[in-house]
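Coordinate inspection notes
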Amino acid sequence: MKIYNSLTRKVEAIVPLNAPLVTVYTCGPTVYDYPHIGNWFTFIRYDLLIRTLKASGLTPKWVMNITDVGHLVSDADEGEDKLEKGAKREGKTAWEVAAFYGDYFLDGLQSLNFHTPDYLPKATEHIAEQLSLIQKLEAKGFTYVIDDGVYFDTAQFPKYADFAGLDLEEQQAGKRVSLNPQKHNPNDFALWKFSPKDHQRDMEWDSPWGKGFPGWHIECSAIAMKYLGETIDIHAGGIDHLPVHHTNEIAQSEGATGKLFAKYWMHANHILNGNEKISKSLGNTITLEDIKAKGYSLDAFRLLALESHYRTQSKFSWENLAAAENSLKNLRNNISWIYQAPSSTSNKVAAVAEGFAKAKGDILAALQDDLNTPEALSYLHECLDQFSVINASRLDLPAVEDFAKFIDDVLGIKILIKDNLESKQQALISERQAARQAKNWEKSDELRRQLASDGVGVRDNDSGTTIWYRL
């Protein structure tokens, strides 16, 4: 399996440190508000990575953190803690906000058919590990203390600018990182922030340097190393994390251990709403609730995410989501036709089995080539389009079921819906078949509409058999 490695800026074969085990750390949500679809696109990319690693014979150990403290509204370690901001907005405590949106995120993972990460650690549950890491950095001379906290001195880490290709001399206050006059260097970042002297925060802890809370970046290093070791195989996140958050992770991790932090870095590109990056600060966010309120399925949303490559800057539109919904219906219709078609000759049965086997190989090869989902979906559509027009055999149901399971395993898309019909739905299908035999087309169409309103589609083949599927 190959992936584009942001560390080396080229596509490389993944060679784990201790194959078949492959350690994976992915930056999770900050649980102060509803995740928007740009967040979910990135999380779907993580899930796709895990699925492809498994399909490639590897055993991923997946950690995704939950940031429930310390993420300030500015990359410059200034401004309000996002959890405190959420608490003021909703008239709750920061703990209540974190609990609500943390639970919401977990529900979203299930709704979007994610594999469950092996660990979903919260930052607030790993304060001791973060303090220990800061103490290691202090002992090695990487830290200093100013009025508002403990900071990492980037001048003590000569490789600091290498990962993101930063030009530190040109980086000025007010751009990517603003200048606190007490900071030694503009890019120095907070490891521990002191609580304000004039009020008590909802979330604060004692430390060797004073009461306060962790900086945003330190949690990822501390959590990753606790669960996966000092050097991990793959670290993934959004491309916006590369110049600050991930650069800081590398500095503090490698500063503390003297070892490579991650062999491979995977970065998912932005999703745009129109021509703008989707961002809460821009007020152009769309949530899963917005999608469901407009009558679209989350299965279609997942398919939409897979229709673009993770390294491309994709665009969201309601028209694109509607097209994805139709594409999903076509996939399900075609495999339902194959699955329920009447028996045919043995040579056609063999053709279907061989065709599915070839498609599985082509799809997996596309995913193993830097997670090329557009190409994988092209193979999927081509396969089902080909075999939906021949009388595939009910005698070969295991091959159809195996192929559908494979698609669910690698793409997280359920294309074969086999739930039993309710008695009233079965009665409507029987009544419609009778109407068709009587050539009462008006009645037949009315019954089709009734079934559709109940989530069941029907399709008729040349032999007079009615095939049903879930809409």
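Predicted, not measured: the structure shown is a model, and the values here were computed from it.

This part covers the overall build of the protein. In terms of regular secondary structure, the protein is built from 14 helices and 15 strands. Considering only C-alpha atoms, the protein reaches an extent of 85 × 50 × 35 Å along its principal axes. Here the analysis covers contacts within the protein between residues at least 6 apart in sequence; of these, 75% occur between residues at least 24 apart. A total of about 20200 Å² of accessible surface is found on the protein, and carbon and sulfur atoms cover 48% of it. A gap of 5 Å separates the mean positions of the 51 positive and 64 negative side-chain charges of the protein.

What follows covers the pairing of strand β1 (residues 2-5). Remember that side chains alternate between the two faces of the sheet whenever the strand is regular. When β1 meets strand β2 (residues 10-13), the two strands line up antiparallel, connected through four bridges. Note on β2: the bridge partner recorded for Ile 3 is Glu 12. The hairpin turn running from β1 into β2, its antiparallel successor, is four residues long, and Arg 9 in that turn takes a positive phi close to 60°.

Here Gln 386 lies in helix α11 (residues 373-387). Here the alpha-carbon distance between Gln 386 and Phe 105, two residues 281 residues apart in the chain, equals 39 Å.

All right, on to the confidence of the model for the protein then. Here the protein shows a mean pLDDT of 89. Residues at 70 or above account for 91%. pLDDT under 50 marks residues 172-176. Its contacts with residues more than four places away, or in other chains, come to eight contacts.

This brings us to the sheet that holds strand β13 (residues 314-316). Taking strand neighbours across the sheet as the criterion, the three strands line up as β12-β11-β13 in an open arrangement whose pairing is mixed. Each edge of the open sheet carries a strand with a single partner, namely β12 (276-277) and β13. In terms of strand pairing, strand β11 (residues 271-273) meets β13 through three bridges, oriented parallel. Note on β13: the bridge partner recorded for Leu 272 is Lys 315.

For the pair helix α4 (residues 127-139) and helix α6 (residues 242-257), interaxial distance at closest approach is 9 Å and the crossing angle is 65°. In terms of axis orientation, α4 runs roughly perpendicular to α6. For the crossing formed where α4 meets α6, the hand is left-handed. Contact with α4, carried on its side by Leu 133, Lys 136 and Leu 137, involves Gln 252, Gly 255 and Ala 256 of α6 and no other residues of that element. Taken together, the residues of the contact of α4 with α6 break down into three nonpolar, two polar and one charged.

Turning our eyes to something else, we now look at the environment of Thr 124. The topology assignment puts Thr 124 in the loop between α3 (94-111) and α4. Using a relative accessible area of 12% as the deciding quantity, one classes Thr 124 as buried. As a C-alpha pair, Thr 124 and Glu 219 span 95 residues in sequence and 9.0 Å in three-dimensional space. For Thr 124, the residues in contact, after removing those within four places along its chain, are Asp 68, Val 69, Trp 95, Met 203 and Trp 205. Among the polar contacts listed, one links the side chain of Thr 124 to the side chain of Asp 68, at a separation of 2.5 Å.

Attention now moves to unusual backbone geometry. Of note, the bond from Ala 19 into Pro 20 is cis; its omega dihedral lies within 30 degrees of zero at 5°. Structurally, Pro 20 is set in the loop between β2 and β3 (21-26). Unlike most non-glycine residues, Asp 370 shows phi in positive territory, near 60°. Turning to its location among the elements, Asp 370 is positioned in the loop between α10 (346-368) and α11. Unusually for a residue other than glycine, Leu 371 sits at a positive phi of about 55°.

Here we come to the packing of aromatic side chains. Taken as a whole and assessed by the stated rule, the structure comprises 20 aromatic pairs. Between the aromatic rings of Phe 43 and Phe 105, the centroid separation amounts to 5.3 Å while the plane-to-plane angle is 70°, which identifies the pairing as edge-to-face. Here Phe 43 is found in helix α1 (residues 37-55), whereas its partner Phe 105 is found in helix α3, with 62 residues between them in sequence. Of the two residues examined, Phe 43 and Phe 105, each falls in the buried class. Ring plane angle 70° and centroid distance 6.3 Å describe the contact between Trp 95 and Trp 205, whose orientation is recorded as edge-to-face. Linking Trp 95 in helix α3 with Trp 205 in the loop between β7 (189-194) and β8 (212-214), this pair joins segments that are 110 residues apart in sequence. The structure contains a cluster of three or more aromatic residues connected by ring pairs, namely Trp 40, Phe 43, Tyr 46, Phe 105 and Phe 114.

The next thing to look at is the pattern of salt bridges. All told, the structure shown has 24 salt bridges when counted by the stated rule. Salt-bridge contacts for Lys 2 lead to Asp 369; the nearest nitrogen and oxygen are separated by 3.8 Å. Within this pair, whereas Lys 2 is found in strand β1, its partner Asp 369 is found in the loop between α10 and α11, the two being separated by 367 residues in sequence. By relative accessible area, Lys 2 is classed as partly exposed at 38%. One salt bridge connects Asp 206 with Lys 211, and the closest N-O pair in it is separated by 2.7 Å. Exposure remark for Lys 211: the relative accessible area of 40% places this residue in the partly exposed category. Several salt bridges share partner residues, and in doing so they unite Asp 33, Arg 89, Glu 90 and Lys 92 into one network.

About the cut-offs
Per chain, residue numbering runs from 1 following the sequence as it is written. With pLDDT at 70 or above as the cut-off, local features in this predicted model cover only qualifying residues; side-chain atom pairs require 80 or more to be listed or tallied, and sums for whole chains, interfaces and linings still use all residues. The basis for the side-chain values is all heavy atoms of the structure; hydrogens and waters are excluded. Helix and strand assignments come from DSSP, with helices taken as H or I runs of at least 4 residues and strands as E runs of at least 2, each series counted from the N terminus. Contacts are assigned to residue pairs with any non-hydrogen atoms lying within 4.5 Å of each other. Computed with a 1.4 Å probe, the accessible areas rest on the Shrake-Rupley method; for each residue, only the protein chains presented here act as cover. By the counting scheme adopted, Arg and Lys are positive, Glu and Asp are negative, and His together with the chain ends is not counted. We put the charge of a Lys on NZ, of an Arg on CZ, of an Asp on CG and of a Glu on CD. In this scheme, strands are said to pair when DSSP sees at least two bridges between them. The pLDDT value expresses, per residue, how confident the predictor is, ranging between 0 and 100. To obtain an axis, a line is fitted to C-alpha atoms, over the contacting stretch when the element is a helix, and the angle between two such axes runs from 0 to 180 degrees between their N-to-C directions. An angle counts as roughly parallel when it lies under 35 degrees, as roughly antiparallel when it exceeds 145, as roughly perpendicular when it falls between 65 and 115, and as oblique in every other case. In this scheme the handedness of a crossing depends on how the near helix is turned from the far one: anticlockwise by less than a right angle means left-handed, clockwise means right-handed. Each residue gets one label: Ala, Val, Leu, Ile, Met, Phe, Trp, Tyr, Cys and Pro are nonpolar, Asp, Glu, Lys and Arg are charged, and the others, such as Gly, are polar. Accessible area is worked out with a 1.4 Å probe on protein chains only. A residue is then buried under 20% of its type maximum, exposed over 50%, and partly exposed in between. Polar contacts here mean pairs of N or O atoms no more than 3.5 Å apart (in protein, one a potential hydrogen donor and the other a potential acceptor; neighbouring residues in sequence count only if both atoms are side-chain atoms). Stacked, tilted and edge-to-face pairs are distinguished by plane angle, under 30 degrees for stacked and over 60 for edge-to-face with tilted covering the rest, among Phe, Tyr and Trp rings (Trp via its six-membered ring) whose centres lie within 6.5 Å. Each salt bridge in this description consists of a side-chain nitrogen of Lys or Arg and a carboxyl oxygen of Asp or Glu lying within 4 Å of one another.

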